[in-house]
Amino acid sequence: MKVLVLNGPNLGRLDIRDSKHYGDLNWVQLKELIEKVALTDARIMITGSNGSGKELVAKLIHKKSLRNQGPLIEVNCAAIPSELIESELFGHRRGAFTGAHSERPGRIRQADGGTLFLDEIGDMPLELQARLLRVLQEKSVCPVGGDVEVPVDFRIVCATHRDLSAEVHAGRFREDLYYRLRVLELRLPPLRERRMDIPFLLRRFLGELIEPGEVTHALAELPVEILRHSFPGNVRELRNLAERYAALREIGGDWDQVLGVDTELDPVSESSLRNSRLSKGEILSALEACGQHRGRAAAKLGITRRALQYRLAGMQASLV
C-alpha cells in the first residue's frame, strides 16, 4: 500500500488500489490504513462512486482522530437548496434576511473542536466555494448579515463522486479550494472491486442490528451468492441486505429467505451453489486433509479456489 505525504503543492494520496496484494485486502486492513491518516490533522478528500462507503470512512476517520471528543458535523452539499446552504454552513444574524427571526451559528461553528464532513463537495455553488476557502485560510467565519469574524478550529473531511479535477478544468470548481481540500486523498473503488470487504462490512452493519452472538452465526452461514454479487448499489446496497436479514430473522428467517426476496442478485454457477451448501466443518476438514493447501482443498470440495477464499473470508470475519 502506498501512503504518500508530500510537502508544498504536491499531494498525498492513499489509494487502496495501489496495493500489490489487492486480492488479500479486507476491511480490517482498510481500517488500519484509515487509522494512520486519522491521526494527522490534514484535510482529507474521499472520492468514489455513489454508495461506495465514503460516509462510513469519514465517520471512522473522526472516530479514530485526536478530535474524537469533539463533534462530527455532517453536511450534504447536494441535499440542501442553494438558497439555504450559505446560512446552513456559515450561520446568520437575526434579521439578516426575510425569515431570519433568530440567530443561527451555522454548521462550521458547530464543528469547532471536532470534524466538519462536507459530503458531495462537488455540488457546492461557486460563490460559496470562495467563502469556504476564506474560512480555511483565516480560520474564522463571519455569519450572513454579520461583520465580526468568529475564530474556529476544526478538521475538514470532504467527499465526492465527481472528478473534481475535471470540474476545475470546466470552471465549476475553484482550483485554489481544490488544492486546499485535497491534502490527502482516499479513493474508494466500488464494492465489486473489493469483494473481500463484504464479510467485514456485513459484520459492522449486522453488529448495529442484531445481538453480537448472532452476528458470528450469520457470517458463518453467509451464502456465496452474496459474496459473488456485483453490488451495483455498492456499500449502500450491502447495508440494505443486512437490514433485510435482521428484519427477516425476527420472524424466523435466514439467508435463504433474504435471497428468496431478492430477485436482483447475480445468477451463480452450480459450483457456487455447491459452495453455499458446504458447512464450516466440511471446509476445515478438507483444509486439514490437504495440509492447508487451498488449491487442493478447493478441488477436494468441488469448488474453485476463489470460492474457497470467499468462504474463508466470511469465516475469518466471524472471528474478528
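*Asks:* What is the right way to look at the environment of Val 150 in this model?
*Replies:* Assignment of secondary structure puts Val 150 in strand β6 (residues 150-151). Sequence separation of Val 150 and Arg 109 is 41 residues, and the distance between their C-alpha atoms is 8.2 Å. With near-sequence residues (within four places) excluded, Val 150 lies in contact with Arg 109, Ser 140 and Val 141.

*Asks:* I would appreciate a short explanation of unusual backbone geometry in the present structure.
*Replies:* Keep in mind that most residues, glycine aside, have a negative phi and that most peptide bonds are trans. Positive phi, close to 55 degrees, is recorded for Lys 139, a residue that is not glycine. As for its position among the elements, Lys 139 is in the loop between α5 (126-138) and β5 (140-141). For Phe 231, which is not glycine, the phi torsion reads 50 degrees and is therefore positive. Relative to the helices and strands, Phe 231 resides in the loop between α10 (224-228) and α11 (234-249).

*Asks:* Which parts of the structure should I look at to understand the pairing of strand β8 (residues 184-188)?
*Replies:* Consecutive side chains of a regular strand alternate in pointing toward one face of the sheet and then the other. Across the five residues that make up β8, a large majority, four, are buried. Sheet topology note: the strand β2 (residues 44-48)/β8 ladder contains five bridges and is parallel. Paired with Met 45 across the bridge in β8 is Glu 185.

*Asks:* Looking at this model, I keep getting lost on the packing of aromatic side chains. Mind explaining?
*Replies:* Two aromatic rings, taken as a pair, are described by how far apart their centres are and by the angle between their planes. Enumeration according to the criterion identifies two aromatic pairs in this entry. Considering the side-chain rings of Tyr 245 and Trp 255, the 4.2 Å spacing of their centres and the 25 degrees angle between planes classify their relative orientation as stacked. Separated by ten residues along the polypeptide, Tyr 245 in helix α11 and Trp 255 in helix α12 (residues 255-261) bring together distant segments of the chain. Exposure class is identical for Tyr 245 and Trp 255. Each is buried.

Cut-offs applied
Residues numbered from 1 in each chain as written. Predicted model: local features only at pLDDT ≥ 70, side-chain atom pairs only at ≥ 80, totals over all residues. Heavy atoms only, no water. Helix = DSSP H or I, 4+ residues; strand = E, 2+ residues; numbered from the N terminus. Contact = heavy atoms within 4.5 Å. Buried < 20%, exposed > 50% of the residue type's maximum accessible area, 1.4 Å probe, protein only. Pairing = 2+ DSSP bridges. Phe/Tyr/Trp six-rings, centres within 6.5 Å; stacked < 30°, edge-to-face > 60°.

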